[in-house]
Amino acid sequence: MQEKKRPFIGLSAEVEALRLDAVHRYEILDTPPDGTFDRITRLAARLFKVPIAIVSIVDSDRIWFKSHHGLSISEIPRDPGLCASAILHDQPWIVTNAKLDPRSLANPLVAGAFGLEFYLGVPLRTHDGFNLGTLCVIDKAPREPSKEQSEHLVDLAHIVMDQLEMRLSARHSVSKLAQAVVAKNDALEHARLLTKEVDHRVMNSLQLISTMLGLQSLQHQGTEAGREIVRAAERINAIARVHRSIHFEEGEGPVDAMSYLTRLCADLGLGAGASADIVVQGIAVPMSTDLLVPLGIVVNELITNAVKNGAARIVVSLGWITEGFCELSVEDDGHGLRGDFDPLASKGLGMRIIDSLASSIDGTLTFGDAGEGWGARFGLLFAVPQ
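Residues numbered from 1 in each chain as written. Predicted model: local features only at pLDDT ≥ 70, side-chain atom pairs only at ≥ 80, totals over all residues. Heavy atoms only, no water.

Enquirer: What is the right way to read the overall build of the protein chain from this model?
Expert: In terms of regular secondary structure, the protein chain is built from nine helices and 13 strands. When the 386 residues of the protein chain are sorted by exposure, 42% land in the buried category. Partitioning the contacts of the protein chain with sequence separation of at least 6, the portion at a separation of at least 24 is 63%. Accessible area of the protein chain: about 20,800 Å², with a carbon and sulfur share of 57%. (Helix = DSSP H or I, 4+ residues; strand = E, 2+ residues; numbered from the N terminus. Buried < 20%, exposed > 50% of the residue type's maximum accessible area, 1.4 Å probe, protein only. Contact = heavy atoms within 4.5 Å. Areas by Shrake-Rupley, 256 points an atom, 1.4 Å probe, with all protein chains shown as cover.)

Enquirer: What is the right way to look at the sheet that holds strand β8 (residues 277–282) in this model?
Expert: Where strands meet in a sheet, backbone hydrogen bonds hold them as pairs that are either parallel or antiparallel. Pairing in this open sheet of five strands is mixed, and the strands run β8-β10-β11-β13-β12 from one edge to the other. One side of each edge strand has no neighbouring strand; the edge strands of this open sheet are β8 and β12 (364–371). Strand-to-strand twist across the sheet, computed as the mean angle between neighbouring axes with direction ignored, equals 20°. As paired elements, β8 and strand β10 (residues 313–322) share six bridges and run parallel to each other. The residue of β10 that forms the bridge with Val280 is Val316. (Pairing = 2+ DSSP bridges. Axes fitted to C-alpha atoms, helices over the stretch in contact; angles between N-to-C directions.)

Enquirer: Explanation requested: the environment of Met161 in the structure shown.
Expert: Turning to its location among the elements, Met161 is positioned in helix α5 (residues 147–218). Look at Met161 and you get buried, because its relative accessible area is 5%. Measuring from C-alpha to C-alpha, the distance between Met161 and Leu135 comes to 9.9 Å, with 26 residues separating the pair along the chain. Excluding its chain neighbours within four sequence positions, the residues that come into contact with Met161 are Tyr26, Leu124, Arg125, Thr126 and Leu132.

Enquirer: Help me out: how do you make sense of the pairing of strand β13 (residues 374–383) in this one?
Expert: Look at any regular strand and the pattern is simple: side chains alternate between the two faces of the sheet. Sheet analysis places strand β11 (residues 325–332) next to β13, joined by seven bridges and oriented antiparallel. Within β13, the position partnered with Glu327 by the bridge is Leu381. Across seven bridges, β12 lies against β13 in antiparallel orientation. Across the sheet, Asp369 pairs through a bridge with Ala376, a residue of β13.

Enquirer: Got a minute to help me understand unusual backbone geometry in this structure?
Expert: A positive phi angle, near 55°, is found at Lys49, a position not held by glycine. In this structure, Lys49 sits in the loop between α2 (35–48) and β1 (52–58). Relative accessible area serves as the criterion here: at 68%, Lys49 is assigned to the exposed category. The phi angle at Asp362 is positive, at roughly 55°, despite the residue not being glycine.

Enquirer: Honestly, a nonpolar patch on the surface in this entry has me stumped. Any pointers?
Expert: A surface patch of nonpolar side chains, amounting to about 260 Å² of accessible area, comprises Ile321, Phe325 and Leu381. Within the secondary structure layout, Leu381 lies in strand β13. Note on Leu381: relative accessible area 32%, which makes it partly exposed. (Patch = residues over 30% accessible without salt bridge, like charges linked within 9 Å, V, L, I, M, F, W, Y side chains within 5 Å. Salt bridge = Lys/Arg side-chain N within 4 Å of Asp/Glu carboxyl O.)

Enquirer: Is there a simple way to explain the sheet that holds strand β4 (residues 93–95) in this structure?
Expert: Here we have six strands laid out as an open sheet, ordered β3-β2-β1-β6-β5-β4, and antiparallel in their pairing. Two strands close off the open sheet at either side, each with one partner strand: β3 (75–77) and β4. Mean inter-strand twist for the sheet, computed between neighbouring axes without regard to direction, equals 25°. Where β4 and strand β5 (residues 118–125) come together, three bridges link them in antiparallel fashion. The residue bridging Ile94 from the neighbouring strand is Leu120, located in β5. Together, β1, β2 (62–69), β5 and β6 (131–139) form the strand contacts of α2, whose direction differs from that of β2 by roughly 75°.

Below, the structure written as structure tokens:
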């Protein structure tokens, strides 16, 4: 059966438990050597002209040395240690001649081979009133320290505690920062999942509306109203197709625009653009979905218009024009543009949608003949945030 650890004589069990809680709060026990504390013990030894100086922490059953100038050991049992007596006091604890002092003459460190005769220990007192250990100086000859020397040791003990308090505060700050980072990441992940769920619901709702409009158009088949309903259904279906292409990949962060355009155009080739050969070429460019959605709708409108104008081959291209700026172009071999073509003056809803989306991303829309026997070419120059 394991023997229960008893509190040191002089402290009640309750007070000793609270003191040990304070010791553990500072997380100093069994930490590696530290140059800051070693400099303090060296300085203390020089000030007193003694061979030994120690920064000690009094644990439940041992006295552990954070810094030990002049000693090769790193801890001793608590019972014979004078530091355990020193923490019972608020003021420096002084033994000028241990072999004559009734408080220490029977102590093994005094009566034994070690031969301790002088001890001065200043408690390391926390801001909430607990003594963790001491800063002490030791000699094997009796001596009488001056008042000035004692005051120097008190100041050095305060520096030791300042270091411990600063490091505790830094650990708390790092811990709070880590918790804040975890909370932020959790919130971002929640937002990402919520956005994804909303996008899926939007996509499903758009597909449902497109289907309902298609059924409604059957009641007005052969009329201008019926044709307008069909066109509205096609545009709503196009937006749903854009969302489906973006969320085809389940990864996080920016989406590769080339992969996205390839999937989107393959989908278009199976639908309204089945009569045309759609080619996608260019380079991989990571983009946010906020940028890809309007680009996808622009591509959908331009391909749809090209097919309506007799295009048999359509080339969608994406590339860098200069640092931070890309151009998306759509070329076709259809009938081409009228000489007086002006997208701003166009009566077609498709061109108004394209112009509006270009403005929404601060893009510049260009148009003209494709050249070399081709029909029309539209280009959209836009910035890509890095």
